[in-house]
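# Structural description and commentary
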Amino acid sequence: MKKIFKEHPLSGEQLIKTFEDYIPEISLKNKSLAIFTIGPVQSFISAAKKTKEYWAGSYLLSYLIWQALKHIMEESKEGENSIIYPYLKNQPLYKDLRNEEITLPTLPNRFLAILENNEAEQLLEECKKMVENKLLDIAINLFNISKEDKIYKQLEELLEIYWVLLPLEKSKKTEIERYRSLTGMEPANDISHYSLVTSIIEELMGARKNIREFNYIEEKGVKCYICGERTGFEPGIMNIEDEKKICGVCGLKRKFSDYLKTEFGIEIHYPSVIDIATADYKEELVSSLDKDELNQLLNYMDKEFGNQDYQMPELVNGLVGDVKSKSPEEKKVLKIKGTYFDIEGNELKESIKVKKLLKKINKKYNLKLNKYYALLYMDGDDMGKWVSGEKLKHREMTPEFHYLISKSLTNYSLKFVKRIVEGKGRRGKLVYSGGDDVVAFVNLKNLFEVLRELRGYFSGNVFDNQVNYKASDGIIREKGEDILTLGSKASVSMGICIAHYKEPLHFVIKNARAMEKKAKKHIISGNRKKNAFAIGLIKHSGETREAVSKWFYDDGEDIIEKGIKPLLNLIQKEHISQSFIYTLKNEMELLEGLEAGDILDDEIIRLMKRKITVDEDEEKEDSKRKKLQKQTEASLKVLQQIYKNRYWIEDNKEPNNIYNFINLLEIIFFIGKRGE
Ligand SMILES: [Zn+2]
């Protein structure tokens, strides 16, 4: 089996043959290629004060594009086979509308389809109408408003929907001419006809978006406090409990879960950031405290807050491990809202007794509440190059291959991403998972495992259920199934923001996105760009740190598995003192200007080894210390690749590579120590 895919990424007749069940017969006679997009995306999604609004923005776009896809499936001559991207089968919305799975947005904000020439234009116009009407229907349904209402008008003006159509039967010569006149460039010599058409249609779409019609009317009055863009209204008229004014668009996002409830009977319980941050602490509480202690804690909470106001309505899937095996007390403790554990927080301000008890428990069991969480943004690298054929062997791009690319992306987002982020013991929550894009909240305890698996599974770098960058044929084998991925030529860049739960969410979103851009701009020698991750840490004190690294360097050593995780482990077990960072920084100032090389490398290792501590009774065995020193040295050697492979950013600026490395160490310490 393995041999067949030797030529993968997505190459060769063998591959198509193996997966032919997934590929419809696509004839191009009398057909046009269509591209359809819904916007705005970023401004719409990231205007959010709460995690649930953030999720709702993502979900709404996914839900709206589904209306268009469904229309194509039902009304076009070739039905669902005409849709080239995204791959539809297995999509939760496709499978079953009343399934709990549908609460995860998995559809991108665009689709590509091959449609009959004589039906295409009408279908696309209908799709546009269906999407627009759906949004307004939701608003009417939720707010009981009429077309004359200002809220209605705001929603009417929200969407930017564009489509472009290109006949597939023009000669290649004609297409080359068109490509030249559009881009002012020559297409690559060996580009396939289909790639040429997809490149042209993307160009046309880009141009179309640039001349968007602006019906912009300057709105008067107080602005909405969430988006700051549109006029805000009294929240009461939208049945929203809030003190500040909110616009119709942000109001719709806030109330969207009510719509899902009435329409599909689905309850949405989206955890807040503190519930994500504290998930591991709660589990430690449950496993440390005995039954009497658990009851005492619940008792105190009951007395102080009554009516179980301190509990989440539901245990959120993924946030805690095996719920079934838990006792009633344990379940109740796991359901306590994260804010009720924050001794310095507002909820416990007046609750002296609860605070005292928590302090006692923390001391007795050596527990520490983590108030920080991570938000991650992942984006596939060079996705345009896949479709244009640049990433494929022999540039043999065809609609069939395009279909397989879509299929690989859907495999990834549906079969792996949810499990990696929300699976057993992962304590994360997805905001969005569609194709090469992932947005998720993650508890810091599992952050690095989640990052690494998201990266490894994307390119099928998995062997025996373990991420392995040195082995890949692009097929992941699970439970007797061969699951196609894009293969080892594919990569992702990721931006991560680690923030305190009180940090305003829109700020965290902005930072995570900025980090993703930083990872994309990261270049090392040999002009190797992207394929990296960047972490931004915003401390509650306002201090920030940033670090960027490749997932692996030339030797293929896994930076996270071989470098970060062993070090983190030593920090968590309190074998390395944080004073290492200060010493290192001081020393680096003295060594300013020293190039990366043996002297510097050895010095860093020497400093770290000196900071290894062992317990007194272990002190007797010198071997213990030696063993730990050896482990430290091994993981540092892997991490030193980060500054030895000096990086710069796209505009040719070279940042301080040593400080980038030290920042990463600081971030690792911060996570290991659970905050300041
Ligand atoms: Zn707003």
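Residues numbered from 1 in each chain as written. Predicted model: local features only at pLDDT ≥ 70, side-chain atom pairs only at ≥ 80, totals over all residues. Heavy atoms only, no water.

In the annotation of an unreviewed UniProt entry, the chain is listed under the name CRISPR-associated protein, Crm2 family and assigned to Halothermothrix orenii.

### Topic: the sheet that holds strand 1 (residues 31-39)
Convention followed: Two strands pair if DSSP finds at least two bridges between them. Counting from the N terminus, the helices are the DSSP runs of H or I reaching at least four residues and the strands are the DSSP runs of E reaching at least two. Here the axes come from fitting lines to C-alpha atoms, over the contacting stretch only for helices, and the angles between their N-to-C directions go from 0 to 180 degrees. Between two residues, a contact is recorded if the distance between any of their heavy atoms is within 4.5 Å.
Ordered by their spatial adjacency, four strands build an open sheet running 2-3-1-4, and the pairing between neighbours is antiparallel. Either end of the sheet is taken by a strand with one partner, and the two such strands are strand 2 (83-85) and strand 4 (160-167). Ignoring which end each strand starts from, the neighbouring axes of this sheet average 25° apart. Bridge count for strand 1 against strand 4 is eight bridges, and the pairing is antiparallel. Looking at the pairing, Thr37 lines up with Tyr162 of strand 4. Packed on one face of the sheet, helix 3 (residues 51-75) meets strand 1, strand 2 and strand 3 (110-116) and runs near 10° to strand 3.

### Describing the domain arrangement of the chain
Just so we agree on the cut-off: The domain limits used here are those given by an automatic or database domain assignment. Simply put, the buried area is the total loss of 1.4 Å probe accessible area from both parts when two parts are fitted together. Just to be clear on terms, a salt bridge is a Lys or Arg side-chain nitrogen sitting within 4 Å of an Asp or Glu carboxyl oxygen.
In terms of domains, the chain is made up of domain 1 (2-220), domain 2 (292-356) and domain 3 (372-672). On a C-alpha basis, the centroid separation for the pair domain 1 and domain 3 is 32 Å. Between domain 1 and domain 3, the contact holds 52 residues from the first and 50 residues from the second. Overall, the association of domain 1 and domain 3 removes approximately 4,400 Å² of surface from exposure, summing both partners, and the carbon and sulfur fraction of that is 65%. Taken together, the connections running from domain 1 to domain 3 amount to zero salt bridges.

### Here we look at the sheet that holds strand 13 (residues 522-524)
With antiparallel pairing, three strands are arranged side by side in an open sheet as 14-13-17. Both outer strands of the open sheet, strand 14 (528-529) and strand 17 (647-649), are each paired with one neighbouring strand and no more. Here strand 13 pairs with strand 17 via three bridges, running antiparallel. Looking across to strand 17, one finds that Ile524 is bridged to Tyr647.

### Quick look at the coordination of the zinc ion
Put simply, the rule reads: Sodium, potassium and calcium take a 3.2 Å donor cutoff, other metals 2.8 Å, and in both cases only N, O and S atoms count; water is not among them, so sites may look incomplete. The geometry test gives tetrahedral to four donors whose angles all lie between 85 and 135 degrees, gives square planar to four donors and octahedral to six donors whose opposite members are over 155 degrees apart with all other angles between 65 and 115, and gives irregular to the rest. Summary of the burial criterion: residues with accessible area below 20% of their type's maximum are buried, those above 50% are exposed, and those between are partly exposed, where the area comes from a 1.4 Å probe applied to protein chains only.
Within the protein, the zinc ion binds to Cys224 (SG), Cys227 (SG), Cys247 (SG) and Cys250 (SG); these donor distances fall in the range 2.3 Å. Taken together, the four donor atoms surrounding the zinc ion define angles of 105 to 113° at the centre, an arrangement classified as tetrahedral. Site description for the zinc ion: donor spacing in sequence, C-x2-C-x19-C-x2-C. Separated by 20 residues along the polypeptide, Cys227 in the loop between helix 8 (193-210) and helix 9 (248-264) and Cys247 in the loop between helix 8 and helix 9 bring together distant segments of the chain. Here Cys227 matches Cys247 in class, with each residue buried.

### A closer look at the nonpolar core
Threshold: Here, nonpolar core refers to any group of buried Ala, Val, Leu, Ile, Met, Phe, Trp, Tyr and Cys residues whose side-chain atoms link them within 4.5 Å.
Membership of the largest hydrophobic core comes to 114 residues, with the highest contact counts inside it found for Leu376, Leu454, Ile496, Ile498 and Leu639. Structurally, this core is a two-domain feature, drawing no fewer than three residues from each of domain 1 (2-220) and domain 3 (372-672). If we ignore the near neighbours within four places in the chain, the residues touching Leu639 are Ile559, Gly563, Ile564, Leu567, Phe661, Leu664, Leu665 and Ile668. With 87 residues, the next largest nonpolar core counts Ile65, Leu115, Tyr152 and Met238 among its residues.

### Examining the packing of aromatic side chains
To be explicit about the condition: Note on ring pairs: Phe, Tyr and Trp rings are taken, using the six-membered ring of Trp, and paired if centres are within 6.5 Å. Classes follow the plane angle, with under 30 degrees stacked, over 60 edge-to-face and the rest tilted.
Per the stated rule, a full pass over the model turns up 24 aromatic pairs. Summarising the aromatic geometry, the rings of Tyr59 and Phe256 are spaced 5.8 Å apart at their centres and angled 40° between planes, so their arrangement reads as tilted. In this pair, Tyr59 sits in helix 3 while Phe256 sits in helix 9, placing the two residues 197 residues apart along the sequence. We note that Tyr59, like Phe256, is buried. Members of the aromatic cluster, connected to one another through ring pairs, are Trp55, Tyr59, Tyr63, Phe256, Tyr259, Phe264 and Tyr270.

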